[in-house]
Amino acid sequence: MRETTKPPGRGSAVWTLVIVGAATFMAALDNLVVTTALPVIRDDLGGELADLEWIVNGYTLPFACLLLLGAALGDRFGRRRVFGIGVLIFTAASAGAALAGSTDALIAARALQGAGAAILMPLSLTLISAAVPAEKRGAAFGIWGAVNGLAVASGPLVGGAITEHLSWQWIFWINVPIGLALIPLAYRKLAESTGGNDRLDLVGTALVSSGLFGVVLSLVRGHEHGWTSGPVLAGFILGGMLLIAFVAWELKTSHPMLPMRFFRSRTFSAINAASLLMFAGMFGSIFLLTQYLQLIQGYSPTEAGVRMLPWTAMGLVVAPIAGRLTDRIGGRVIIATGMLLMGTGLGWLAALAGPDASYGPQVPAFVLCGVGMAMFFAPAGAMVMGSVPRRDEGIASGVNNALREVGGALGVAVLASVFATRGGYETPRTFTDGLTPAVWLGAAAVLVAGAVVLIAPRRARQAPPAPDDRDEPAPVLVP
């Protein structure tokens, strides 16, 4: 089945960027928006370190596990339609989180939020790619990257300001009017399209979702229960076996959810590995650094968020420039340079961390982290979408987003484990004793991400098309 695209009437690339950007901003923001609110939530609802991690990872877990399903549903039933459903689920779950009266209820609502985000997020790049001419996609992905970078890095500021001046519940209430406005706009302004596979791979969907669930669940429970405990090892082993079974199934089925031929492209393989490592280093470090600013340096939630602005603001300036440069020189060198800068910034923060450290010397490090992060998003999106045939862009985006979320869960779990092993919350000294090695590990992860992306060829090469598609004409518009 060929990919089909229905023109959106009055729709345009601008409307697509606005609608998709607003929706993905909400989804990306809610990854870390609770970080500066965690101390307040802990005082209000109770809970230990493990509960605080689950408020973050309760969102990340279904997000990571269901991204490929979201992409497959969009390819099968229509990307605009499924995108709208994802926004609806996310909006309803946000209201549920705001109404939560216990940590268990909040974690459950966060999980539903993650499911909605998993449906809408992988379709964002596909919708942009369909609406923007090929020669301008780098710039469009630059805007998308700036929005996502701003959302990730401004999560602590937004969460802190709302928590201090309103209440932590308004972190979630704010999504509701935005989501309700986006749903009708999406159906009126976005083009409808489907992917090349008109059959939903139910077996593949079940295997990959269950396998990712087992692995990510063990990652987020590792330091709580012990990395060698029975339940954690069982999750890793069972999840790994299910993922192996998924690969075996995809190799033999005639309508695979994730064609294994994608991985013949060095570009596709390298950028996905780099995405996992970058998000591991970034998410794990931000999770701990935002708490450091409040608990050790004594800033309020809003003050802590403001002090993250040198990191946050860089995305608005640098990401669009990185996107335009990607159109001219490709993303490989841009990402590698960005990861070098970000790794240097995180290492700087780790070296400075101490019970009596002042904020001023940390500012250049936050700037380096922000510039480096901004240099990742747009080129990464362009490299992913350019490494596969047009009809496969939806599932390729889903793979990349899934690995990013697995990386985020991995980073929070591993860096929190290092923090708990080497330090704790007892005194400022024990906190920084745990923080320093954890952030050094985050720096190492992003530096390795920069090295890995250099494996990609200088000129992006697409994964080969499916055997029955080699002579298929380009996708056509249908009335």
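In what follows, the structure referred to is the one given above.
Conventions we followed
Numbering of residues starts from 1 in every chain and runs along the sequence as written. In keeping with the predicted nature of the model, local features appear solely for residues at pLDDT of at least 70, side-chain atom pairs appear and are counted solely at 80 or more, and the whole-chain, interface and lining totals rest on all residues. Note that the side-chain values use all heavy atoms of the structure and ignore hydrogens as well as water. A run of DSSP states H or I qualifies as a helix once it reaches four residues; a run of E qualifies as a strand once it reaches two. Both are numbered from the N-terminal end. Only protein chains enter the area calculation, which uses a 1.4 Å probe; residues under 20% of their type maximum are buried, those over 50% are exposed, and those in between are partly exposed. Only the protein chains shown count as cover for residues, and the accessible areas themselves come from Shrake-Rupley with a 1.4 Å probe. By convention in these notes, a salt bridge is any Lys or Arg side-chain nitrogen within 4 Å of a carboxyl oxygen on Asp or Glu. The pairing test for Phe, Tyr and Trp rings, Trp by its six-membered ring, is centres within 6.5 Å, and the orientation test on the planes gives stacked under 30 degrees, edge-to-face over 60, and tilted for anything in between. Only when the NZ of Lys or the CZ of Arg is both within 6 Å of the ring centre and within 35 degrees of the ring normal is a charge said to sit over the ring. Geometry is summarised by axes, namely lines fitted to C-alpha atoms with helices restricted to the contacting stretch, and by angles between N-to-C directions that run from 0 to 180 degrees. Here the angle decides the label: under 35 degrees means roughly parallel, over 145 means roughly antiparallel, 65 to 115 means roughly perpendicular, and every other value means oblique. By definition, turning the near helix anticlockwise from the far helix through less than a right angle yields a left-handed crossing, and turning it clockwise yields a right-handed one. Contacts between residues were defined by any pair of non-hydrogen atoms, one from each residue, lying within 4.5 Å. All residues other than Ala, Val, Leu, Ile, Met, Phe, Trp, Tyr, Cys, Pro, Asp, Glu, Lys and Arg, Gly among them, are scored as polar; the first ten of these are nonpolar and the last four charged.

### What to know about the overall build of the protein
For step 1, the next point in the chain: The helix and strand inventory of the protein stands at 17 helices and three strands.
For step 2, the next point in the chain: Considering the protein as a whole, with its 479 residues, one finds that 60% of them fall into the buried category.
For step 3, the next point in the chain: Within the structure as shown, the protein displays about 17,300 Å² of accessible surface, and the carbon and sulfur contribution to it stands at 66%.

### Brief notes about the pattern of salt bridges
For step 1, the next point in the chain: Applying the stated criterion across every chain yields a total of one salt bridge.
For step 2, the next point in the chain: The salt bridge partner of Arg 429 is Asp 433, with a shortest N-O separation of 4.0 Å. Of the two residues, Arg 429 and Asp 433 both sit in helix 17 (residues 428–453), four residues apart, roughly one turn of that helix.

### Points about the packing of aromatic side chains
For step 1, the next point in the chain: Under the criterion given, the structure shown has eight aromatic pairs.
For step 2, the next point in the chain: When the ring centre of Tyr 359 is taken as origin, the NZ or CZ atom of Arg 307, which lies over that ring, is 5.5 Å away.

### Things to note about the packing of helix 11 (residues 266–295) against helix 14 (residues 332–352)
For step 1, the next point in the chain: Across the interface, helix 11 lies against helix 14 with an axial gap of 12 Å and an inter-helix angle of 25°. For the element pair helix 11 / helix 14, the angle class is roughly parallel. Of the two possible hands of crossing, helix 11 and helix 14 adopt the one that is left-handed. Contacts between helix 11 and helix 14 pair Ile 271, Met 278, Gly 281, Met 282, Ser 285 and Leu 289 from the former with Ile 335, Met 339, Met 342, Leu 346 and Leu 349 from the latter.

### Observations regarding the side chain of Gln 113
For step 1, the next point in the chain: If you trace the backbone, Gln 113 turns up in helix 5 (residues 103–131).
For step 2, the next point in the chain: Here Gln 113 falls in the buried class, since its relative accessible area comes to 0%.
For step 3, the next point in the chain: Setting aside anything within four residues of it in sequence, one finds Gln 113 in contact with Asp 30, Tyr 59, Phe 90, Ala 93, Ser 94, Phe 172 and Asn 175.

### A closer look at the packing of helix 4 (residues 79–98) against helix 8 (residues 175–189)
For step 1, the next point in the chain: Look at helix 4 against helix 8: their axes get within 9 Å of each other, and the N-to-C directions meet at 165°. One element, helix 4, and the other, helix 8, form an angle in the roughly antiparallel class. Considering how the two elements wind past one another, helix 4 and helix 8 form a crossing that is left-handed. Across the interface between the two elements, Arg 80, Arg 81, Phe 83, Gly 84, Ile 85, Val 87, Leu 88, Phe 90, Thr 91, Ser 94 and Ala 95 from helix 4 touch Asn 175, Val 176, Gly 179, Leu 180, Leu 182, Ile 183, Ala 186 and Tyr 187 from helix 8.
For step 2, the next point in the chain: Its residues assigned to classes, the contact of helix 4 with helix 8 comprises twelve nonpolar, five polar and two charged.

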